[in-house]
Amino acid sequence: MSGHLVYENFKKHADIGCFKKAVTLREPYAHVISHLAWVRALGEPENADRYMQHPEYIRIIADKMKQFDLSNASEITKMLNSFEPREYHLFDNVQTRYLRKNTSKPQISKSDVDEAIENLKEFDVIGFDKNINQFLTSILNHFGLVYTPTTNRVDNALNHKFGLEASDESICEALKPLVVHDLALYQYLETNHFYAN
């Protein structure tokens, strides 16, 4: 079983005691840029079929995003300010949002980071996308199997980022509200070696 699952919801609907649990985290700026670019790409004419397969609120966000120059920090800020709460939450500190305990709170805060860290203690393997081979090796080790590493490979990566560049400090500053708590979570895990070896 895999996917973008809200951990607390998963626990409510499954007997997780019989599962080995693994999770990967991604560098927060890379994650939010990828997520924004993916939704923005739905609005491109060549993606019309995919666009129509998504719920109306996602199509509305994709259309709204086309009005802004995502290579411009002030335009990004205007876009984020234009989002309705449901739209904003789609991009807001998503990794912390999925791992926290109190899923009913609309806003993410420092306490959610603490809750996410507590929930991560229930996982058997924690890894980072930047070293997926180490993550896969750790999972297979839990089952007494050996993994033969290959090059780190991402099959569904979107190459066109619409000007959203993590190397641009002004872009990162504009995106910071969307990742501030994910950054704290990610840095805590890296600093405390809270991941698969």
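Residues numbered from 1 in each chain as written. Predicted model: local features only at pLDDT ≥ 70, side-chain atom pairs only at ≥ 80, totals over all residues. Heavy atoms only, no water.

Asks: What am I meant to see in the overall build of the protein here?
Replies: The helix and strand inventory of the protein stands at 10 helices and 2 strands. Reading the protein from its N end, one meets helices and strands in the order α-β-α-α-α-α-α-α-α-β-α-α. For a compact globule of 197 residues, the expected C-alpha radius of gyration is about 16 Å, and the protein comes in at 18 Å, within 12% of that figure. Expressed as lengths along the three principal axes of its C-alpha atoms, the size of the protein is roughly 50 × 40 × 35 Å. Looking at the 197 residues of the protein, the share that counts as buried comes to 42%. Carbon and sulfur atoms provide 52% of the accessible area of the protein, an area that totals close to 11200 Å². (Helix = DSSP H or I, 4+ residues; strand = E, 2+ residues; numbered from the N terminus. Rg over C-alpha atoms; globule rule 2.2 N^0.38 Å. Buried < 20%, exposed > 50% of the residue type's maximum accessible area, 1.4 Å probe, protein only. Areas by Shrake-Rupley, 256 points an atom, 1.4 Å probe, with all protein chains shown as cover.)

Asks: For this particular structure, what's the right way to read unusual backbone geometry?
Replies: The bulk of non-glycine residues show a negative phi, and the bulk of peptide bonds are trans. In this model, N93 sits at a positive phi of 45 degrees, which is unusual for a non-glycine residue. Considering the arrangement of structural elements, one finds N93 in the loop between helix 6 (85-89) and helix 7 (94-99).

Asks: What exactly am I supposed to notice about the packing of aromatic side chains here?
Replies: Each pair of aromatic rings is reported with the distance of its centres and the angle of its planes. Scanning the model with the defined rule gives 4 aromatic pairs in all. When the centroid spacing of 5.9 Å and the interplanar angle of 55 degrees are considered together, the rings of F10 and F19 count as tilted. On the accessibility criterion, F10 (17% relative accessible area) is buried. Residue F19 is classed as partly exposed on the basis of its relative accessible area of 31%. Ring geometry for F128 versus Y186: centroids 4.8 Å apart, planes at 55 degrees, classification tilted. Of this pair, F128 sits in strand 2 (residues 125-128) while Y186 sits in helix 10 (residues 169-191), and the two are 58 residues apart along the sequence. For F128, a relative accessible area of 7% corresponds to the buried category. The cationic tip of R86 hangs over the ring face of Y57; the distance from NZ or CZ to the ring centre is 3.6 Å. Here the guanidinium or amino end of K130 rests over the ring plane of F128, the centre of that ring lying 5.5 Å away. (Phe/Tyr/Trp six-rings, centres within 6.5 Å; stacked < 30°, edge-to-face > 60°. Lys NZ or Arg CZ within 6 Å of the ring centre and 35° of its normal.)

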